[in-house]
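The primary structure of each chain is shown beneath.
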Amino acid sequence: MKLGMKQKIALLFSLLIIAAGSLFAYFASRNLKPYLKIPENSYETTSVVSEEEKILCPFEGITINENLYKTLAVIYDNHNQALPHTGIASACFVLETLAEGGITRIEAFFAHRQPKALGPVRSARIYFVDFALSYDALLAHCGGSPDALQTLRKLPIDLDQIRFPEPYYRVKNRSAPHNLYGRIDDLLSLAKKRGYDLNPTSTLYFSFRSFELSNETTFVAKKIVVPFSSRSYTYTWIYNEKKGIYIRYTTKGVYIDTLTGSPPPVKNLIVIKAPMKVRDQKGRLDMALNGRGAAWYFYRGTAATGFYEKVQGKPFKFFLKNGEEVQFEPGLIWLEIIPADKKPLVSG
Ligand SMILES: [Zn+2]
């Protein structure tokens, strides 16, 4: 088909409009401004099977001896009366952010260890559903916000205690609602009974360093104060040189797991900022996590800054200021998602 000059111009013009429209829709949907080049290959995935054919933890990058099971995300109650937590030291990845009225919740991901119990379990929010989907996880929780529950009802990942009470139990030595627990075996059995997909993930979700410290710009950071809201929900992290881990302190003191009597072995602490705004009378939050925001990384007693990227339903990606993907220390990563008007206080 031969096109005349006018037709060619019209065609070119239409193509330009479509391209501009697509670009606009892309950036509008991701709620980000195209001010920085997105690093190439940033969404490539790596397998959990290492070059030596060893199986790595999908979140920690360490070789594991146990079998991987379908990732299980659990919503932990973070109220003072819900502390200390149970099972958290066996988690492979932990994230923490706000629910309503300045209170925080934890979402902990389990993929191979089998602690005796998990809890106290509390209710879900819509962003915790997105995080579960992003890391291909089942979601153990007790109720939730209306939008979270409506979404979860349709998803083959829902392990809501209110819908399915069987695998959960309440303990007598704590008061409700801070006394609900579950076990991994029982939760996975429920998922099997429901016909949910139980294949473990084959994706390695973070990049890990297999070499000595690279030439990234780091500064000494032994103490990090992470403010979410009031003093009760401001956490202090202190680097323990001997153990090579970050220890979390709440107003109740050192944060420990009841099963181990020790703090979770946090090798990497990430603090990111996300725009949040109250959207209803109950104080529920909208969190704009699709896009890019500021990030602080803490490992080996040092810190680096950079940015994160998040696309709905996809795992977080973490970059240094220069656009290089962060190479974490193999081991537990703890992610703090704080409001955009807050900032971690870092001291050497
Ligand atoms: Zn692990």
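Before any of the text, the structure's been laid out above.
Computed from a prediction, not measured in an experiment: that's the story for all the values here.

Participant: Help me understand the overall build of the protein in this model?
Facilitator: Counting its secondary structure elements, the protein contains 4 helices and 24 strands. The buried share of the protein, reckoned over its 348 residues, is 51%. In the protein, of all internal contacts separated by at least 6 residues, the share reaching a separation of at least 24 is 63%. Of the accessible surface of the protein, which amounts to about 16700 Å², a share of 55% is contributed by carbon and sulfur atoms.

Participant: Would you take a moment to explain helix 3 (residues 146-153) for this structure?
Facilitator: Note on helix geometry: an α-helix contains 3.6 residues per turn, so any two residues three or four positions apart are oriented the same way. Listed as buried for helix 3 are Ala148, Leu149 and Leu152. Summarising the axial view, the buried residues of helix 3 lie within an arc of 95°, below the 170-degree limit, and thus occupy one face. Relative to its buried face, helix 3 has exposed residues pointing more than 90 degrees away, namely Pro146 and Gln150.

Participant: Just checking my understanding: could you explain the coordination of the zinc ion for this structure?
Facilitator: Tetrahedral coordination by four donors places them ideally at 109.5 degrees to one another around the metal; octahedral coordination by six donors ideally gives 90 or 180 degrees. Around the zinc ion, the protein contributes the donor atoms Cys57 (SG), Glu60 (OE), Cys92 (SG) and His112 (NE2), which lie 2.0 to 2.3 Å from the metal centre. Of note is the zinc ion, whose 4 donor atoms meet at the metal with angles of 99 to 117° in an arrangement that counts as tetrahedral. Of note, the zinc ion draws all its donor residues from one chain, in the sequence arrangement C-x2-E-x31-C-x19-H. Exposure class is identical for Cys57 and Glu60. Each is buried.

Participant: Would you explain the nonpolar core in this entry?
Facilitator: Soluble globular proteins: nonpolar side chains tend toward being buried together. Phe59, Phe206, Ile272, Phe316, Phe318, Phe328 and Ile337 are the most contacted members of the largest nonpolar core, which has 95 residues in total. In this view, Phe316 contacts Phe131, Tyr135, Tyr205, Ile272, Leu289, Tyr308, Glu309, Lys310, Leu335 and Ile337; residues no more than four positions away in its chain are not counted.

Participant: Sorry if this is basic, but what is going on with the pairing of strand 12 (residues 223-227) here?
Facilitator: Across a regular strand the side chains alternate sides, sitting on one face of the sheet and then on the other. Strand 12 sits mainly inside the fold: 4 of its 5 residues count as buried. The pairing of strand 12 with strand 13 (residues 234-240) spans 5 bridges and is classified as antiparallel. The residue bridging Lys223 from the neighbouring strand is Ile238, located in strand 13.

Participant: Is there a simple way to explain helix 4 (residues 184-193) in this structure?
Facilitator: Buried residues of helix 4: Ile184, Leu187, Leu188, Leu190 and Ala191, and no others. Projected onto a plane normal to the axis of helix 4, the buried residues spread over an arc of 155° and lie on a single side. Away from its buried face by more than 90 degrees, helix 4 exposes Lys192 and Lys193. Those residues of helix 4 that are buried lie in contact with strand 2 (72-77), strand 4 (104-110), strand 5 (138-141), strand 6 (158-160), strand 7 (168-170) and strand 8 (180-182). Positive backbone phi, approximately 80°, marks Gly195, located one or two places after helix 4.

Participant: Sorry, what's going on with the side chain of Arg174 here?
Facilitator: Within the secondary structure layout, Arg174 lies in the loop between strand 7 and strand 8. Among buried charged residues, Arg174 stands out as having no salt bridge; its nearest opposite-charge side chain is Asp77, 7.5 Å away. A polar contact is formed between the side chain of Arg174 and the backbone oxygen of Ala82, at a distance of 2.8 Å. Polar contacts involving the side chain of Arg174 include one to the main-chain carbonyl oxygen of Pro84, which spans 2.9 Å.

Participant: Which parts of the structure should I look at to understand the packing of aromatic side chains?
Facilitator: What characterises a pair of aromatic rings is the spacing of the ring centres plus the angle enclosed by the ring planes. In total, this model carries 27 aromatic pairs according to the counting rule given. Judged by centre distance (5.2 Å) and plane angle (70°), the rings of Trp237 and Trp334 are edge-to-face. Here Trp334 lies in strand 23 (residues 332-339) and Trp237 lies in strand 13, a separation of 97 residues in the sequence. Residues Tyr297 and Phe318 carry aromatic rings whose centres are separated by 6.0 Å and whose planes lie at 85° to one another, so their mutual orientation is edge-to-face.

Participant: Hey, could you run me through the pairing of strand 23 in this one?
Facilitator: Within strand 23, 8 of the 8 residues are buried, which leaves it mostly tucked inside the rest of the structure. Sheet topology note: the strand 3 (residues 93-98)/strand 23 ladder contains 4 bridges and is parallel. If you follow Val94 over to strand 23, its bridge partner there is Trp334. Across 8 bridges, the pairing between strand 16 (residues 266-274) and strand 23 is parallel. Bridging across to strand 23, Val271 finds its partner in Glu336.

Participant: Is there a simple way to think about unusual backbone geometry in this case?
Facilitator: Cis geometry marks the peptide bond from Gly119 to Pro120; its omega dihedral reads -5°. Among the structural elements, Pro120 can be located in the loop between strand 4 and helix 2 (126-134). A cis amide bond links Ala176 with the next residue in sequence, Pro177, at an omega value of 5°. Turning to its location among the elements, Pro177 is positioned in the loop between strand 7 and strand 8. The residue Asp136 is not glycine, and still its phi comes out positive at about 50°. Checked against the element boundaries, Asp136 lands in the loop between helix 2 and strand 5. In this structure Asp136 comes out as partly exposed when scored by relative accessible area, which is 34%. One non-glycine residue, Arg300, lies in the positive phi region at around 55°. Classification of Arg300 by relative accessible area gives partly exposed; the value is 29%.

Participant: What's the story with the side chain of Arg284 in this structure? I'm lost.
Facilitator: When you line up the elements, Arg284 lands in the loop between strand 17 (276-278) and strand 18 (285-287). We classify Arg284 as buried; its relative accessible area is 15%. Excluding residues within four positions of it along the chain, Arg284 makes contact with Glu100, Ser145, Pro146, Lys277, Val278 and Arg279.

Calculation notes
Residues numbered from 1 in each chain as written. Predicted model: local features only at pLDDT ≥ 70, side-chain atom pairs only at ≥ 80, totals over all residues. Heavy atoms only, no water. Helix = DSSP H or I, 4+ residues; strand = E, 2+ residues; numbered from the N terminus. Buried < 20%, exposed > 50% of the residue type's maximum accessible area, 1.4 Å probe, protein only. Contact = heavy atoms within 4.5 Å. Areas by Shrake-Rupley, 256 points an atom, 1.4 Å probe, with all protein chains shown as cover. Arc of directions from axis to C-beta. Donors = N, O, S within 2.8 Å, 3.2 Å for Na, K, Ca; no water. Tetrahedral: all angles 85-135°; square planar, octahedral: opposite > 155°, others 65-115°. Core = buried A, V, L, I, M, F, W, Y, C linked by side-chain atoms within 4.5 Å. Pairing = 2+ DSSP bridges. Lys, Arg positive; Asp, Glu negative; His and termini not counted. Salt bridge = Lys/Arg side-chain N within 4 Å of Asp/Glu carboxyl O. Polar contact = N/O pair within 3.5 Å; in protein donor to acceptor, adjacent residues only side chain to side chain. Phe/Tyr/Trp six-rings, centres within 6.5 Å; stacked < 30°, edge-to-face > 60°.

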